[in-house]
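Reading the structure
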Amino acid sequence: MLELEEWELRVSRLIGLVATTNQTLHMHRESGDSWLMIKQYEELLAEHQQELDQLLKTHGLTLKVVPADSAA
């Protein structure tokens, strides 16, 4: 049971990181910030998404992340 609770906390934390990083990336794109800053946030977002994907796969789950500028 403890393992599942730890897994839930990690998944929840990563979902928050993906959401925050996605919003920050969108803000930097809208502000016309440097390509280097945008690239760094894109890489960070990809890292968070990859870690989240790996955690979800351990329980046979997948999650589709829709960028903020495409969300309905």
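Scope of this entry: the structure provided in the associated data block. (Residues numbered from 1 in each chain as written. Predicted model: local features only at pLDDT ≥ 70, side-chain atom pairs only at ≥ 80, totals over all residues. Heavy atoms only, no water.)

Focus on helix α2 (residues 35–57)
Because the α-helix completes a turn every 3.6 residues, residues three or four places apart line up on one side. Going by this rule: Secondary structure elements follow DSSP: runs of H or I no shorter than four residues count as helices, runs of E no shorter than two count as strands, and numbering proceeds from the N terminus. Take the number of residues in a helix, subtract one, and multiply by 1.5 Å to get its expected span. Relative accessible area decides the class of each residue, using a 1.4 Å probe on protein chains only: under 20% of the type maximum gives buried, over 50% gives exposed, and in between gives partly exposed. Contact between two residues is taken to exist if any of their heavy atoms lie within 4.5 Å; hydrogens are not considered.
For α2, with 23 residues, the first-to-last C-alpha span of 32 Å sits near the 33 Å given by 1.5 Å per residue. Ile38, Leu45, His48, Leu52, Leu55 and Leu56 are the residues of α2 that are buried. Buried residues along α2 sit against α1 (2–31).

Overview of the nonpolar core
Under the convention used in this document: The set of buried Ala, Val, Leu, Ile, Met, Phe, Trp, Tyr and Cys residues whose side-chain atoms join them within 4.5 Å is what this entry labels a nonpolar core.
Counting ten residues, the largest nonpolar core is built from Trp7, Val11, Leu14, Val18, Leu25, Ile38, Leu45, Leu52, Leu55 and Leu56. Among the secondary structure elements, those contributing two or more residues to this core are α1 and α2. Sequence-distant contacts of Leu55, that is, excluding residues within four places in its chain, are made with Trp7, Arg10, Val11 and Leu14.

Observations concerning a nonpolar patch on the surface
So the rule is basically this: Every patch collects residues that have over 30% relative accessible area and no salt bridge, joining them within 9 Å if they carry like charges and within 5 Å if they are nonpolar side chains (Val, Leu, Ile, Met, Phe, Trp, Tyr). For the accessible areas, the method is Shrake-Rupley and the probe is 1.4 Å, while residue cover comes only from the protein chains on display. Basic side-chain nitrogens of Lys or Arg form a salt bridge, by our definition, when they fall within 4 Å of a carboxyl oxygen of Asp or Glu.
A cluster of nonpolar side chains, Ile15, Leu63 and Val65, forms an exposed patch at the surface whose accessible area comes to about 220 Å². Relative to the helices and strands, Leu63 is located in the segment after α2. A residue is classified by how much of its surface remains accessible, and Leu63, at 41% relative accessible area, is partly exposed.

Some points on the packing of α1 against α2
Convention followed: Lines fitted to C-alpha atoms define the axes, with helix axes restricted to the stretch in contact, and inter-axis angles between N-to-C directions lie between 0 and 180 degrees. Roughly parallel covers angles under 35 degrees, roughly antiparallel covers those over 145, roughly perpendicular covers 65 to 115, and oblique covers all other angles. Crossings are sorted by hand: turned counterclockwise from the far helix by less than a right angle, the near helix makes the crossing left-handed, and turned clockwise it makes it right-handed. By the convention adopted, Pro, Cys, Tyr, Trp, Phe, Met, Ile, Leu, Val and Ala count as nonpolar, Lys, Arg, Asp and Glu as charged, and the other residues, Gly among them, as polar.
Where α1 contacts α2, the axes come no closer than 9 Å and their chain directions differ by 160°. In this view, α1 runs roughly antiparallel relative to α2, as classed from their interaxial angle. Of the two possible hands of crossing, α1 and α2 adopt the one that is left-handed. Counted by class, the contact of α1 with α2 contains 15 nonpolar, six polar and four charged residues.

Purely geometric numbers; function is a separate question.
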